[in-house]
Amino acid sequence: MATIEECRAALDKLSDSMQHAEGDVRAAAAMDRSVSCHVTDLDVTFAGRLNGGRIEVHDTFPGPPREKAQIRLAMAGDDLVALVDGQLHFARAWGSGRVRLEAGLRDLFRLRKLL
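What counts and how
- Residues numbered from 1 in each chain as written.
- Predicted model: local features only at pLDDT ≥ 70, side-chain atom pairs only at ≥ 80, totals over all residues.
- Heavy atoms only, no water.
- Helix = DSSP H or I, 4+ residues; strand = E, 2+ residues; numbered from the N terminus.
- Rg over C-alpha atoms; globule rule 2.2 N^0.38 Å.
- Buried < 20%, exposed > 50% of the residue type's maximum accessible area, 1.4 Å probe, protein only.
- Contact = heavy atoms within 4.5 Å.
- Areas by Shrake-Rupley, 256 points an atom, 1.4 Å probe, with all protein chains shown as cover.
- Lys, Arg positive; Asp, Glu negative; His and termini not counted.
- Charge placed at Lys NZ, Arg CZ, Asp CG, Glu CD.
- Pairing = 2+ DSSP bridges.
- Axes fitted to C-alpha atoms, helices over the stretch in contact; angles between N-to-C directions.
- 1 Å grid on protein atoms, 1.4 Å probe; cavity = no way out; pocket = protein on both sides within 12 Å on 5 of 7 lines; lining within 4 Å.
- Points joined across faces, edges and corners; volume = space filled by probe spheres on them.
- Nonpolar A, V, L, I, M, F, W, Y, C, P; charged D, E, K, R; others polar.
- Patch = residues over 30% accessible without salt bridge, like charges linked within 9 Å, V, L, I, M, F, W, Y side chains within 5 Å.
- Salt bridge = Lys/Arg side-chain N within 4 Å of Asp/Glu carboxyl O.
- Expected span 1.5 Å × (residues − 1).
- Arc of directions from axis to C-beta.

Under the annotation held in an unreviewed UniProt entry, the protein carries the name Lipid carrier protein YhbT and is attributed to Streptomyces griseomycini.

Structure (structure tokens):
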């Protein structure tokens, strides 16, 4: 089971990858939205902002998200680490229910370029 530190490191790695992306992926990552990632097996939430192609985590707290972010992810810690490391395909994980993604329709269309 992934630790809180490993999950935070995975989010930082994802943020770095998004910032250095090019083309459509960079344009999709350039949104300004509130973001939460609930790590279900650890019952911890990382809350922050997607801004300028980076995910800026501002808060980490126990339990589910306290406020409804514009982009909401939920998954097990091992799945978060595997997704960021390229060992787990997002579409398969989402289709099987291992990863939950909630956002407005317009944001979902833009996010599909990232995923």
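K.L.:
Just checking my understanding: could you explain the overall build of the protein for this structure?
P.N.:
In terms of helices and strands, the protein carries five helices and five strands. Walking the protein from its N terminus toward its C terminus, one meets helices and strands in the order α-α-β-β-β-β-α-α-β-α. The globule rule puts the C-alpha radius of gyration for 115 residues at 13 Å, and the 13 Å found for the protein is close to it. Out of the 115 residues in the protein, the part that is buried amounts to 41%. Of all intrachain contacts in the protein linking residues separated by at least 6 positions in sequence, the fraction that spans at least 24 positions is 57%. Accessible area for the protein stands at about 6,700 Å²; split by element, carbon and sulfur atoms hold 51% of it. Between the mean site of the 16 positive side-chain charges and the mean site of the 17 negative ones, the protein shows a separation of 8 Å.

K.L.:
Would you mind going over the sheet that holds strand 5 (residues 99–103) with me for this structure?
P.N.:
Paired through their backbone hydrogen bonds, the strands of a sheet run either parallel or antiparallel. If you walk across this open sheet you meet the five strands as 3-2-1-4-5, and the pairing is mixed. The sheet is open, and its two borders are formed by strand 3 (54–62) and strand 5, each paired with just one other strand. Neighbouring strand axes in the sheet, compared pairwise and without regard to direction, differ in orientation by 15° on average. In terms of strand pairing, strand 4 (residues 71–75) meets strand 5 through five bridges, oriented antiparallel. Within strand 5, the residue paired with A74 across the bridge is R100. Relative to strand 3, helix 1 (residues 4–19) is tilted by about 165°, and along the sheet it contacts strand 1 (33–39), strand 2 (44–51) and strand 3. Each of strand 1, strand 4 and strand 5 touches helix 3 (residues 77–84); the most contacted strand, strand 4, lies at about 110° to it.

K.L.:
I keep staring at the layout of surface pockets and nothing clicks. Help me out?
P.N.:
A water-sized probe rolled over the atoms picks out the places where empty space is left. By volume, the second largest pocket is sized at about 180 Å³. In this structure, the second largest pocket is lined by 14 residues; those nearest its centre are A47, G48, F61, R66 and E67. Counting only elements with at least two residues in the lining of the second largest pocket, the list comes to strand 1, strand 2 and strand 3. Among the residues making up the lining of the second largest pocket, the classes are represented as five nonpolar, five polar and four charged.

K.L.:
In this structure, what is going on with a negative patch on the surface? I would like to understand it.
P.N.:
Residues E5, E6, D41 and D78 make up a contiguous surface patch of negative charge. Its location among the elements puts E5 in helix 1.

K.L.:
I'm lost on helix 1 in this one. Help?
P.N.:
For an α-helix, the turn length of 3.6 residues means that residues three or four places apart are oriented alike. The first and last C-alpha atoms of helix 1 sit 23 Å apart over 16 residues, in line with the 22 Å expected at 1.5 Å per residue. If you check which residues of helix 1 are buried, you get C7, A10, L11, S15 and M18. Taken down its axis, helix 1 places every buried residue within 140° of arc, on the same side.

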